[in-house]
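Residue strings, one per chain:
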Amino acid sequence: MYRNLRELLLTIMAMLMLSTSLAKPRHIVFIVADDLGWNDVGFHNADMITPNIDKLANRGVILNSSYVQPVCTPSRHSWMTGIYPFKAGLQRGVIFPEQAVCSPLDMKFFPEKLQKLGYSTHMAGKWHLGFCNWDCTPTNRGFDSFLGYYNGAEDYYNKTILNGIDFHDNKEPISGDNRYSAFVYADRAKSVIENHNKTKPLFLYLPFQSVHTPIQVPKRFEDMYPDIANDQRRQYSGMVSAMDEAIGNITQALVDNGMMDDTLIIFTADNGGWPGFGGNNYPLRGGKITIFEGGTRAVSFVSGSGIAKPGSTYNGLIHAVDWHPTILAAAGSSTDDTNDNIDGLNQWKAISLGGESMRTELVYNIDNFVLAPNGHAAIRVGDFKLIDGYPGPYRDWYKPEQEYENNPHVTTDYQYYSKIVQDDLVKNNGLWKGDGLYNLKDDPTEHHDVSKQHPEIVKALKAKLDEYRKSYVRPNFPSNDPKANPKNYGGYWMPGWC
Ligand SMILES: *[C@@H]1O[C@H](CO)[C@@H](O)[C@H](O)[C@H]1NC(C)=O
Ligand SMILES: *[C@@H]1O[C@H](CO)[C@@H](O)[C@H](O)[C@H]1NC(C)=O
Ligand SMILES: *[C@@H]1O[C@H](CO)[C@@H](O)[C@H](O)[C@H]1NC(C)=O
Ligand SMILES: *[C@@H]1O[C@H](CO)[C@@H](O)[C@H](O)[C@H]1NC(C)=O
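All of the points below concern the structure found in this document.

What counts, and where the lines are drawn
- Residues numbered from 1 in each chain as written.
- Chains lettered and ligands numbered in written order.
- Predicted model: local features only at pLDDT ≥ 70, side-chain atom pairs only at ≥ 80, totals over all residues.
- Heavy atoms only, no water.
- Pairing = 2+ DSSP bridges.
- Helix = DSSP H or I, 4+ residues; strand = E, 2+ residues; numbered from the N terminus.
- Contact = heavy atoms within 4.5 Å.
- Axes fitted to C-alpha atoms, helices over the stretch in contact; angles between N-to-C directions.
- Core = buried A, V, L, I, M, F, W, Y, C linked by side-chain atoms within 4.5 Å.
- Buried < 20%, exposed > 50% of the residue type's maximum accessible area, 1.4 Å probe, protein only.
- Domains from an automatic or database assignment.
- Polar contact = N/O pair within 3.5 Å; in protein donor to acceptor, adjacent residues only side chain to side chain.
- Near = heavy atom within 4 Å.
- Areas by Shrake-Rupley, 256 points an atom, 1.4 Å probe, with all protein chains shown as cover.
- Nonpolar A, V, L, I, M, F, W, Y, C, P; charged D, E, K, R; others polar.
- Phe/Tyr/Trp six-rings, centres within 6.5 Å; stacked < 30°, edge-to-face > 60°.
- Disulfide = S-S within 2.5 Å.
- Parallel < 35°, antiparallel > 145°, perpendicular 65-115°, else oblique.
- Salt bridge = Lys/Arg side-chain N within 4 Å of Asp/Glu carboxyl O.

1. Points about the sheet that holds strand E12 (residues 300-304)
In step 1: One open sheet holds the ten strands; their spatial order is E9-E8-E5-E4-E10-E1-E11-E12-E2-E13, and the pairing between them is mixed. Each having just a single partner strand, strand E9 (172-173) and strand E13 (312-314) make up the two edges of the open sheet.
In step 2: Where helix H5 (residues 181-195) meets the sheet, it contacts strand E4 (120-126), strand E5 (145-149), strand E8 (168-169) and strand E10 (202-207), and its direction lies at approximately 175° from that of E5.
In step 3: The strands touched by helix H7 (residues 231-256) within the sheet are strand E1 (27-33), E10 and strand E11 (263-269), with E11 carrying the most contacts at an inclination of about 170°.

2. What to know about the nonpolar core
In step 1: In terms of nonpolar packing, the biggest core is built from 106 residues, with Phe-30, Leu-36, Trp-79 and Phe-203 touching the most fellow members.
In step 2: Per-element tally for this core: the top contributor is H7, with ten residues.
In step 3: Split by domain, this core shows at least three residues from each of two domains, domain 1 (25-359) and domain 2 (364-469).
In step 4: Excluding residues within four positions of it along the chain, Phe-203 makes contact with Ile-28, Phe-30, Phe-110, Pro-111, Leu-114, Tyr-119, Ser-120, Thr-121, His-122, Phe-143 and Ile-327.
In step 5: Residues Tyr-84, Leu-362, Ile-366 and Leu-465 belong to the second largest nonpolar core, which totals 27 residues.

3. Side note on the side chain of Ser-451
In step 1: Tracing the backbone shows Ser-451 in the loop between strand E18 (436-439) and helix H13 (455-469).
In step 2: Judged by its relative accessible area of 15%, Ser-451 falls in the buried class.
In step 3: When neighbours within four sequence positions are excluded, Ser-451 is seen to be in contact with Leu-437 and Val-458.

4. Points about unusual backbone geometry
In step 1: In this structure, the amide linkage connecting Thr-213 to the following residue, Pro-214, adopts the cis form with an omega of 0°.
In step 2: Mapping Pro-214 onto the fold places it in the loop between E10 and helix H6 (219-222).
In step 3: Put simply, Tyr-282 and Pro-283 share a cis peptide bond, and its omega is 5°.
In step 4: You can see Pro-283 is positioned in the loop between E11 and helix H8 (293-296).
In step 5: A positive phi angle, close to 80°, is found at Ile-289, a residue other than glycine.
In step 6: The topology assignment puts Ile-289 in the loop between E11 and H8.
In step 7: Overall, Ile-289 belongs to the buried group, its relative accessible area being 9%.

5. Remarks on the side chain of Arg-395
In step 1: Within the element layout of this structure, Arg-395 appears in the loop between strand E17 (384-389) and helix H12 (413-427).
In step 2: Here the side chain of Arg-395 touches Gly-392 through a polar contact of 3.0 Å, landing on its backbone oxygen.

6. A look at the site of ligand 4
In step 1: Every residue close to ligand 4 is listed here: Asn-64, Arg-297, Thr-313, Asn-315 and Pro-444.
In step 2: One of the side-chain N or O atoms of Asn-64 is found 2.3 Å from an oxygen atom in ligand 4.
In step 3: Within the side chain of Asn-315, one N or O atom sits 2.9 Å away from an oxygen atom of ligand 4.
In step 4: Protein chains bury 45% of the 360 Å² of accessible surface belonging to ligand 4 in isolation.
In step 5: When its residues are assigned to classes, the shell around ligand 4 shows one nonpolar, three polar and one charged.

7. Some words on the packing of aromatic side chains
In step 1: Scanning the entire structure with this criterion turns up 30 aromatic pairs.
In step 2: Between Trp-127 and Phe-143, the ring centres sit 6.2 Å apart and the planes meet at 85°, which makes this aromatic pair edge-to-face. Of this pair, Trp-127 sits in the loop between E4 and E5 while Phe-143 sits in the loop between E4 and E5, placing them 16 residues apart in sequence.
In step 3: Owing to a relative accessible area of 1%, Trp-127 belongs among the buried residues under this scheme.
In step 4: The exposure class of Phe-143 is buried, given its relative accessible area of 2%.
In step 5: Relative to Tyr-398, the ring of Tyr-394 has its centre 6.3 Å away and its plane inclined at 80°; by these criteria the two rings are edge-to-face. Each member of the pair, Tyr-394 as well as Tyr-398, is classed as buried.

8. A look at the state of the cysteines
In step 1: For the structure shown, the criterion picks out two disulfides.
In step 2: Linked covalently through their sulfurs, Cys-102 and Cys-136 form a disulfide whose S-S length is 2.3 Å. Here the disulfide of Cys-102 and Cys-136 is left-handed, its torsion about the S-S bond being about -65°. Taken together, the residues Cys-102 in the loop between helix H3 (72-81) and helix H4 (110-116) and Cys-136 in the loop between E4 and E5 connect sequence positions 34 residues apart.
In step 3: Since its relative accessible area comes to 15%, Cys-102 is described here as buried.
In step 4: Owing to a relative accessible area of 2%, Cys-136 belongs among the buried residues under this scheme.
In step 5: Here Cys-132 connects covalently by a disulfide to Cys-498, the sulfurs 2.1 Å from one another. Its S-S torsion of approximately 65° makes the covalent link between Cys-132 and Cys-498 right-handed.

9. Brief notes about the sheet that holds strand E15 (residues 361-367)
In step 1: Taken together, the four strands give an open sheet; going across it, the order is E15-E16-E17-E18, and neighbouring strands pair in antiparallel fashion. Strand pairing shows two members of the sheet lacking a second neighbour, E15 and E18, which therefore form its edges. Averaged over neighbouring strand pairs, the angle between their axes works out to 10° when direction is ignored.
In step 2: With four bridges joining them, E17 and E18 adopt antiparallel strand pairing. In the strand pairing of E18, Phe-384 is matched with Asn-439.
In step 3: Across the sheet, H13 lies against E15, strand E16 (376-381), E17 and E18, angled at about 70° from E17, the strand it touches most.

10. Details of the packing of helix H2 (residues 51-58) against H7
In step 1: For the pair H2 and H7, the least separation of the axes is 7 Å and the interaxial angle reads 60°. As far as their axial angle goes, H7 and H2 are oblique. Within the contact between the two elements, H2 uses Pro-51, Asn-52, Ile-53 and Leu-56 and H7 uses Met-243, Asp-244, Glu-245, Ile-247, Gly-248 and Thr-251.

11. Observations regarding the pattern of salt bridges
In step 1: For the structure on display, the rule yields 24 salt bridges.
In step 2: When the shortest N-O distance is used, the salt bridge between Asp-40 and Arg-233 registers 2.9 Å. Separated by 193 residues along the polypeptide, Asp-40 in the loop between E1 and H2 and Arg-233 in helix H7 bring together distant segments of the chain.
In step 3: On the accessibility criterion, Asp-40 (0% relative accessible area) is buried.
In step 4: A single salt-bridge network, built from bridges that share partners, covers Asp-34, Arg-76, Lys-126 and Asp-270.

Okay, structure coming up:
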């Protein structure tokens, strides 16, 4: 029938090309849980009630070595741009409401590229990537629509942070919706799904406010945990279950609208749980704000369309910067679009088919921290992790109901954040160096510093860090700008002051 092999091959190639160009790109839902600890989901801890999350995880691939930054803004910057925060001046911490800072505008966010691929792109939840100029905001950085917060740590009901309301529907500030935010974001996601024109692929970004401070939850969720005596932990656990119900409602909306089979769901925490505020990372060491594993190894999974081995665990290394090229690849982009000058590696084949990770090393962070004389940095290469300098204020292995011993009493957690580091450094005379080498394969909970046994590995990893330091950009961490004051904007946090 075919005159020769060449003709046969050409025919097959043509058929393949036709089928890829005709194949409908999948829908993608990217869910982020804020400050969710390693030990705070049912599939890691049987005491947690998260049936919807567990179902997705157990039918998908659990990502067991998926890393993020130790706090919120840097992690979000990482997946949006595919570029490490220490190259963008965002390594110091979160962007505070009155700081004139946003994720650098010359670094492209992946949803902009998804729009070019024909996706409808929508977001409901927390931004925290800067808002002082309209160019910094979601609808100017790749989203067709946006409902949510520009900052973090708002009141879950009245959507206020400090002296301003921080709630926006596209470009309009809104007030009067005093429903608990997990319900609001679930409803918005539902309506995006219901109104979606199914001839186009959908990208939905759902960075929940849950389960960040303040500790607030409708009573029926708190009541799910009568056996937890510690008030904060009981309420926090309820917050997790409220988010789980929201995720259940969103997946139900995908089913009801006939989209579930064509949807890839990605779930990740933005950093570890906060030991001072109900979160728990046991048995991992440390928590949010530290570069120990408890602050940086995220609860994460992928589920749904394209996943070849449902019900498995993937142990290959992944870092938050990888989501940028990985999501673009899952959306059918060619490699050319996915790999322009970024730190992220395309892990789509690895996680969808279960192959080797593209990643053999990752940087946890590099910051010549102003408060700590030695700065702080950490790197992992293969099984070894080097912490070079101050690891952060949480260095213990906290149990779920254990209270963090040094909770300072301050009015906002923005104050808390710097106070806890200052207190810690004062207590330790600013001299805590925290140099440590850990073999994460044998010792994933970082109990044994093996730097004395392996000076050559310490040296090699320090040399690696020095290579990365060549592209270090100083933290963009200015003092507060009074122009930001919501008093200038009718009581709302609004762009227009940088
Ligand atoms: C919002 O609620 C908080 C309590 O969480 C309260 O302190 C604040 O005054 C409220 N703000 C407004 C504008 O209602
Ligand atoms: C959906 O989009 C297609 C192509 O863009 C268009 O032809 C169609 O009218 C749209 N359907 C609805 C219900 O808007
Ligand atoms: C989930 O949907 C049910 C049924 O509509 C509703 O009663 C509930 O409030 C929703 N929960 C959340 C968290 O959105
Ligand atoms: C997840 O990683 C830990 C090491 O931190 C390992 O002990 C465990 O076996 C891994 N889980 C699976 C299912 O591979």
